[in-house]
Amino acid sequence: MPELLLYAIVVAMRYRDTRNAETNVSFETAVMQGMDPQTGGLYIPETITRLPSSFLNRNPVPSFRDIAFEVAKQFVGDEIPDDELMAIIVDCYPFTAPITPIDPTTYVLELYHGPTCAFKDFGARFMARVMAYFNRKESNPLHILVATSGDTGSAVGSAFYGVPGIDVTILYPDGKISPLQEKQLSTFDGNVRSLRVNGTFDDCQKLVKTAFTDSTLRNRFRLSSANSINIARLLPQSFYYIYGSLLIRDRCHFDSKIDCAQIIAVVPSGNFGNLTSGLMARQMGAPIEGFVAATNSNRTVPDWLNNGEYRPRPSVETLSNAMDVGAPSNFERMSAFYSLEESRKIMAGYWLDDAGTKDAIRSCHDRTGYIIDPHGAIGWAAWDSIRSGAMEQLLDGSKNPEGMPGLLGTKKTAPVWAKNCVGKSCVGMILETAHPAKFGETVRESIGREPSMPERLERVLSLPDRSQPMSSDYAEFRSWLEKNL
Ligand SMILES: *Cc1c(COP(=O)(O)O)cnc(C)c1O
């Protein structure tokens, strides 16, 4: 009987909308629509089931692919046959997410081993292949619109490049991403095009969101999104949290000499898709005690955890530009999963300015020899400050001075795991979201030399730029779409 029940759950995975709990759609609908066109809300799984203990406790730890399959199956249900699902996963992940210990209580979860050297490859490749699967019987093309503040565009472009029946339009803020990032997303040909928008990332995102709620446009074209608002981007990001935390649980006793250390995942965040995936992984049984929401000066979420007010704001430019998001779209998902009070129990908020980011790249290199990128560096700084006393101060009642970078909060808002960091029984898992060579100049200014460039990055530098200019005015964007789709 219990097996039957489990089977019933597996075949019937449904998705609801963050703005309307009554919504009840299939995985296919959630993926192909991207967001609910009626409400503008985001899809979330109705239930998240813990993986079997026999799987979580397997020794040795299951392979990345086995974890990916086991997790994906839960969310895909019977909508993709097992053999096809495994084939998708094998095609998605010829790379994994290795754990690199950089000191006895710090692990770096390296998420940049995919084709575009950023963690977004994990989500984008899965989404592209799942969409191609659901699209296989359609005669009209599917048009993907994607706004990017840096790495999304190239990951999505690369993931869909050459996929039949689907084309991609990438919007990015002109002059606000690194020259290498721009090369990575403006040099596609064929089914992938890019528009450089005269505005900010938020303007790009607004253009895309407006297009999705434009019913006339939707009646004419089959549109879908590829931002972290698409649930198919989010689900596969939970694979590496599970994989990484299981690997760390296995070895950290030897590295840290701590018995049963608790794992704190430190997540450099912008749109908060990555952190939301972490929360889902934890619900599935990943041995992660807590999270640090680490941001640059765009500190909307750390401020929310600290003072309880959610105040989205215009984004400001920083050195970690893939996190320059003032109004994170996945906040809506996070708060559908957890209330403010519950979030505070699990999560701490930390932010860092640009000067601190460069110091962090330097201190990480000086003390561990590891070259970290500006996004991961904020994670390193957050973890290093927490384990070396910032959490103690918080619990002692002294708080970070108003407006200063650092760990935010008070004794009252501190996460439940805070006292364990004070007692030195935690290890950190820092998510390294991009290869440092993508931000070579900032790294050179910090440590005096550039990291060596992977071949797959070097290659795009010699390709011709094919992006087209676009204003932040919706009417203009719309007429471009009508002419070009
Ligand atoms: C996108 C990105 C982030 C932020 O991830 P979110 O899921 O939007 O929070 C962090 N670092 C890098 C390098 C990125 O490309």
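Computed from a predicted structure; not experimentally measured.

Moving on to the nonpolar core. Core analysis: the biggest nonpolar cluster contains 100 residues, and Tyr15, Tyr240, Tyr241 and Phe291 have the highest contact counts within it. A total of nine residues in this core trace back to one element, the largest contributor, which is helix H6 (residues 120-134). Residues contacting Phe291, with those up to four places away along its chain left out, are Tyr241, Ala265, Val267, Leu275, Gly278, Leu279, Arg282, Ile346, Met347, Ala348 and Trp417. Ranked by size, the runner-up nonpolar core spans 36 residues in total, among them Tyr112, Ala377, Trp383 and Ala390.

Burial analysis of strand S7 (residues 166-173) places eight of its eight residues in the buried class, the great majority of the element. Covered by surrounding structure in S7 are Ile166, Val168, Ile170 and Tyr172 together with Asp167, Thr169, Leu171 and Pro173, the residues of both alternating faces. Summarising the sheet, strand S6 (residues 142-147) and S7 pair through six bridges and their orientation is parallel. Paired with Leu145 across the strands is Thr169, a residue of S7. Crossover connection from S6 via helix H7 (residues 151-160) to parallel S7: handedness right-handed. Here S7 runs beside strand S8 (residues 192-197); their pairing, made up of six bridges, is parallel. Within the sheet, the bridge partner assigned to Leu171 lies in S8 and is Leu195.

Next up on the list: helix H18 (residues 374-396). With 23 residues, H18 should reach 33 Å at 1.5 Å per residue; the first-to-last C-alpha distance of 31 Å fits that figure. Along H18, the sharpest kink reaches roughly 70°, centred on Ile386. The buried fraction of H18 is high, at 17 of 23 residues. Looking one or two residues beyond H18, the residue adopting positive phi is Gly397, at roughly 100°.

In this section: helix H5 (residues 82-92). Where H5 is concerned, the buried positions are Leu85, Ile88, Ile89 and Cys92. The buried residues of H5 all sit within an arc of 95° when viewed along its axis, so they share a single face. The elements touched by buried residues of H5 are helix H4 (64-76) and H6.

Attention now moves to the environment of Ile386. Summarising the element assignment, Ile386 is placed in helix H18. Taking the relative accessible area as the measure of exposure, Ile386 reaches 1% and is therefore buried. Each C-alpha atom of the pair Ile386 and Leu407 lies 7.5 Å from the other, and the pair is 21 residues apart in sequence. Not counting residues up to four positions away in its chain, the partners in contact with Ile386 are Val292, Met391, Leu407 and Cys421.

With antiparallel pairing, the three strands of this open sheet are ordered in space as S2-S1-S3. Pairing within the sheet leaves two strands with one partner each, and these edge strands are strand S2 (20-25) and strand S3 (43-45). When strand polarity is set aside, the average angle formed by the axes of neighbouring strands in this sheet is 40°. Sheet topology places strand S1 (residues 15-17) next to S2; two bridges connect them, and they run antiparallel.

What follows is about the pattern of salt bridges. Within this structure, the stated rule accounts for 19 salt bridges. The salt bridge partner of Lys358 is Glu445, with a shortest N-O separation of 2.7 Å. Residue Lys358 is found in helix H17 (residues 354-368), and its partner Glu445 is found in helix H20 (residues 440-447); the two are separated by 87 residues along the sequence. Note on Lys358: relative accessible area 23%, which makes it partly exposed. The exposure class of Glu445 is partly exposed, given its relative accessible area of 40%. Put simply, Arg367 and Asp384 hold a salt bridge, and the shortest N to O gap is 2.8 Å. In this pair, Arg367 is assigned in helix H17 and Asp384 in helix H18, connecting sequence segments 17 residues apart. What you see here is one network of salt bridges that share partners, running through Asp103, Arg367, Asp384 and Arg387.

This brings us to the packing of aromatic side chains. One pass over the structure, following the stated rule, counts 19 aromatic pairs. When the centroid spacing of 5.4 Å and the interplanar angle of 85° are considered together, the rings of Phe64 and Tyr243 count as edge-to-face. Remark: Tyr243 occurs in helix H12 (residues 237-256) and Phe64 occurs in helix H4; sequence separation between them is 179 residues. Side by side, Phe64 and Tyr243 carry an identical accessibility label, which is buried.

Cut-off values and rules
- Residues numbered from 1 in each chain as written.
- Predicted model: local features only at pLDDT ≥ 70, side-chain atom pairs only at ≥ 80, totals over all residues.
- Heavy atoms only, no water.
- Core = buried A, V, L, I, M, F, W, Y, C linked by side-chain atoms within 4.5 Å.
- Buried < 20%, exposed > 50% of the residue type's maximum accessible area, 1.4 Å probe, protein only.
- Helix = DSSP H or I, 4+ residues; strand = E, 2+ residues; numbered from the N terminus.
- Contact = heavy atoms within 4.5 Å.
- Pairing = 2+ DSSP bridges.
- Right-handed = clockwise from strand over helix to strand, strands pointing away.
- Expected span 1.5 Å × (residues − 1).
- Bend = angle between axes of the 7 residues up to and from the residue.
- Arc of directions from axis to C-beta.
- Axes fitted to C-alpha atoms, helices over the stretch in contact; angles between N-to-C directions.
- Salt bridge = Lys/Arg side-chain N within 4 Å of Asp/Glu carboxyl O.
- Phe/Tyr/Trp six-rings, centres within 6.5 Å; stacked < 30°, edge-to-face > 60°.

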